[in-house]
Amino acid sequence: MKKPIADSIAVAVKQQITGEEILLLLEKPKSLELGDVAFPCFTLAKVWKQSPQSIAADIASQLNHDSIQRVQAVGGYVNIFLDQQKVTQQVLRKILRDKQQYGTTPTKMGTVVLDFSSPNIAKPFSMGHLRSTVIGNALANIAEKNGYQAIRINHLGDWGTQFGKLIVAYQLWGDKQAISASPIEELLKIYVKFHEEAEQDPTLNEQARAAFKALEDGNEEAQALWQWFRDVSFIEFQTIYELLGIHFDAFIGEAFYNDKMPSVVTELKEKGLLVESEGAYVVEMEEMPPCLITKTDGATLYATRDLAAALYRQQHYQPQKMFYVVGNEQSLHFKQLFQVIEKMGYPWAKNLQHVPFGMMLKDGKKMSTRKGKVVLLADVLAEAIATAKRNIEEKNPHLPNKERVAQQVGVGAVIFNDLKYHRLNDIEFSIEQMMNFEGETGPYVQYTYARICSILDKANAPTQDMTFTPLGEQAWPIILLLEQFPKAVVMAFEQTDPSQIAKYALQLARLLNKYYAQHKILADDEQQASRLALCRCVAIVLKESLALLGIESPENM
Ligand code: ARG
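Here the structure is a predicted model, which means the values were calculated and not measured.

**Side note on unusual backbone geometry**
Step number 1: Even without glycine at this site, Lys 49 takes up a positive phi of about 55°.
Step number 2: By the element assignment, Lys 49 lies in the loop between α3 (42-48) and α4 (52-62).
Step number 3: The backbone of Asn 401 shows a phi angle near 55°, a positive value even though the residue is not glycine.
Step number 4: Among the secondary structure elements, Asn 401 is positioned in the loop between α15 (377-395) and α16 (402-419).

Right, here's the structure in full:
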């Protein structure tokens, strides 16, 4: 809606500045009493050496557009009041017509590859990996809404020196039966023990390195153990993905690239990028430490496998964008990776993007697996679901499908808690807070949706060909916000920031609840159809916002 207004302003100033440029200058006035859109004339005033007041007055006297009702020049601003009748009608009709497709880009934009979740085999799925999983999945949904095909790749950590450690630990202290009964828990125990013992006995690390080398070289016993660790871990991860309702297009872990490594190393050598450094091979970097490609014993590293993976993905998908949703502690790794690819002469290096995020904190401290101080995602989800279940028993004991709804609410709470702040923020982890029905939570938004559903249930559905009238001061901001949804979808993608959708949903829910508290929706008067249409449109957009975040919307809870 702002674009046509910007264009009319451009006409009013005889195209001395373009509509595009004006669009960037448009603001939202501090209060709706000052108008719905404001154009500040201060920048123009400087360039044109005129007073902002006279420019504003000049524009105000000439501006006219279909959806503008009136214009005022005040203190160097052009304040624009939209025609509430026209805009209400347009917005409600459009959403009722497009439904879940409202805000979807219909053109095919190409492919986006998203590398996310990627937990490490034989280690628990920690809260840290939850962040990548939830942010990555939301970004994939948002990419799809923006017209892209999203390829969700799980780059499982199923290769690397930690498997050397695990093999040694198993050979020293492993209990086959215990591990079969409760795989990840037991594997974690011996892994933690390895680190404790290695502090006293550094030869353990030597042994681990040798064990990993054996694994890379195809030693049978090492391979069999590795396969077993991988299989049992995978089953546990799958249960979590099912609970979260997340699927991947490919589970291609680091091990997959083992046989693709020699050609990458050869290519680096041929391009003159590989430098020997004390028996190891590195690529020199500008303005950062060199990127280690092979160790002295010839073993490859995390970075080498990522290099092979990037080349492989480029070849297979030829994506417009490749996102790596990984914690910000790996920033250097990705800077190095991207620079190596650039040095190899690949122009698509510019399509690679690290999408970092902050830490999950518990009582202000980082959660870490190494020292055994770990909060398991599986436990957290179970607790959230149990809390939701208690809530239902208390408030809505006759609800059908209690188990299912409790799951939708519990899981929704965990996901929303993660996505409501900008991803770079560290987030504190608190079940009570994320479950609060009155707070800035997933359950609050879900509850708003369910409440609207129950009202709509009691009346005839509004249709897109009806005439809708403005619903007054408290409904108007809702209309304006609904109109902004497509823009929010675009911004969330451009800035790889799902929190914009979460914040949008919170604000929409808040405005609707405020309206609802003061207006009877089902009062049999001439505005009932418009109120119902408003509610229906809010429901559509709330549900779609939650869906983008990866959260379900129960109709009754
Ligand atoms: N498995 C790694 C970890 O847990 C994350 C992998 C991220 N993806 C990648 N392509 N490096 O730290």
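**Describing the site of the ligand**
Step number 1: For the ligand, the full set of nearby residues is Asp 115, Ser 118, Asn 120, His 155, Gly 157, Asp 306, Tyr 324 and Val 326.
Step number 2: Class assignment for the residues of the shell around the ligand results in two nonpolar, four polar and two charged.

**What to know about the environment of Met 109**
Step number 1: Mapping Met 109 onto the fold places it in the loop between α5 (84-98) and β4 (110-115).
Step number 2: The sequence separation of Met 109 and Gln 149 amounts to 40 residues, and the corresponding C-alpha distance is 7.6 Å.
Step number 3: If we skip the residues at most four places from it in the chain, Met 109 touches Asn 146, Gly 147, Tyr 148 and Gln 320.

**Quick notes on the pairing of β4**
Successive residues of a regular strand alternate their side chains across the two faces of the sheet.
Step number 1: As defined by bridge partners, β4 adjoins strand β5 (residues 148-154) across six bridges and the pair is classed as parallel. Paired with Leu 114 across the two strands is Arg 152, which belongs to β5.
Step number 2: What joins β4 to β5 is helix α6 (residues 127-145), and the crossover it makes is right-handed.
Step number 3: One ladder, built from four bridges, connects β4 with strand β10 (residues 321-325); its direction is parallel. Residue pairing in the sheet places Leu 114 in a bridge with Phe 323 of β10.

**Looking at the packing of helix α7 (residues 161-173) against helix α9 (residues 183-200)**
The description of two packed helices rests on the angle between their axes and on the distance between the axes.
Step number 1: Viewed as axis vectors pointing N to C, α7 and α9 meet at an angle of 100°, and their least axial separation amounts to 9 Å. Judged by the inter-axis angle, α7 sits roughly perpendicular to α9. Residues Lys 165, Leu 166, Val 168, Ala 169, Tyr 170 and Trp 173 of α7 touch α9, and the partners they reach there are Leu 187, Ile 190, Tyr 191, Lys 193 and Phe 194.
Step number 2: Considering only residue class, the contact of α7 with α9 consists of nine nonpolar, no polar and two charged.

**Section: the sheet that holds strand β3 (residues 77-82)**
Step number 1: Spatially, three strands are ordered β1-β3-β2 in an open sheet, and the strand pairing comes out antiparallel. At either end of the open sheet lies a strand with only one pairing partner, and these are β1 (37-40) and β2 (68-74). Mean inter-strand twist for the sheet, computed between neighbouring axes without regard to direction, equals 20°.
Step number 2: Strand direction decides the pairing type here: β1 and β3, joined by four bridges, are antiparallel. The residue of β3 that forms the bridge with Ala 38 is Asn 79.
Step number 3: Of the strands in this sheet, β1, β2 and β3 touch α4, which is tilted by about 160° from β2.

**Concerning the UniProt feature "domain: DALR anticodon binding" (unreviewed entry) in the chain**
Step number 1: Sequence positions flagged by UniProt for "domain: DALR anticodon binding" (unreviewed entry) are, in local numbering, residues 445-557.
Step number 2: A distance of 12 Å separates the end C-alpha atoms of residues 445-557, which is 65% helix and 0% strand.

**Some remarks on the nonpolar core**
Step number 1: Ranked by size, the top nonpolar core spans 130 residues in total, and within it Val 78, Leu 114 and Val 538 carry the most contacts.
Step number 2: Among the elements that take part in this core, helix α21 (residues 528-549) stands out by supplying 13 residues, more than any other.
Step number 3: Excluding anything up to four places from it in sequence, Val 538 contacts Ile 452, Ile 478, Leu 508 and Leu 512.

**Quick notes on the sheet that holds strand β8 (residues 280-283)**
Step number 1: Sheet architecture is open: three strands sit in the order β7-β8-β9, paired in antiparallel fashion. Two strands bound the open sheet, and with one partner strand each, they are β7 (274-277) and β9 (291-294). Taken pair by pair, the neighbouring strands of this sheet meet at an average axis angle of 45°, ignoring direction.
Step number 2: As paired elements, β7 and β8 share four bridges and run antiparallel to each other. Bridge assignment links Glu 276 to a residue of β8, and that residue is Tyr 281.

About the cut-offs
- Residues numbered from 1 in each chain as written.
- Predicted model: local features only at pLDDT ≥ 70, side-chain atom pairs only at ≥ 80, totals over all residues.
- Helix = DSSP H or I, 4+ residues; strand = E, 2+ residues; numbered from the N terminus.
- Near = placed C-beta within 6 Å.
- Nonpolar A, V, L, I, M, F, W, Y, C, P; charged D, E, K, R; others polar.
- Contact = placed C-beta atoms within 7 Å.
- Pairing = 2+ DSSP bridges.
- Right-handed = clockwise from strand over helix to strand, strands pointing away.
- Axes fitted to C-alpha atoms, helices over the stretch in contact; angles between N-to-C directions.
- Parallel < 35°, antiparallel > 145°, perpendicular 65-115°, else oblique.
- UniProt positions renumbered as here; feature names shortened; annotations may be inferred.
- Core = buried A, V, L, I, M, F, W, Y, C linked by C-beta atoms within 7 Å.
- Buried ≥ 20, exposed ≤ 12 C-beta atoms within 10 Å, placed from the backbone.

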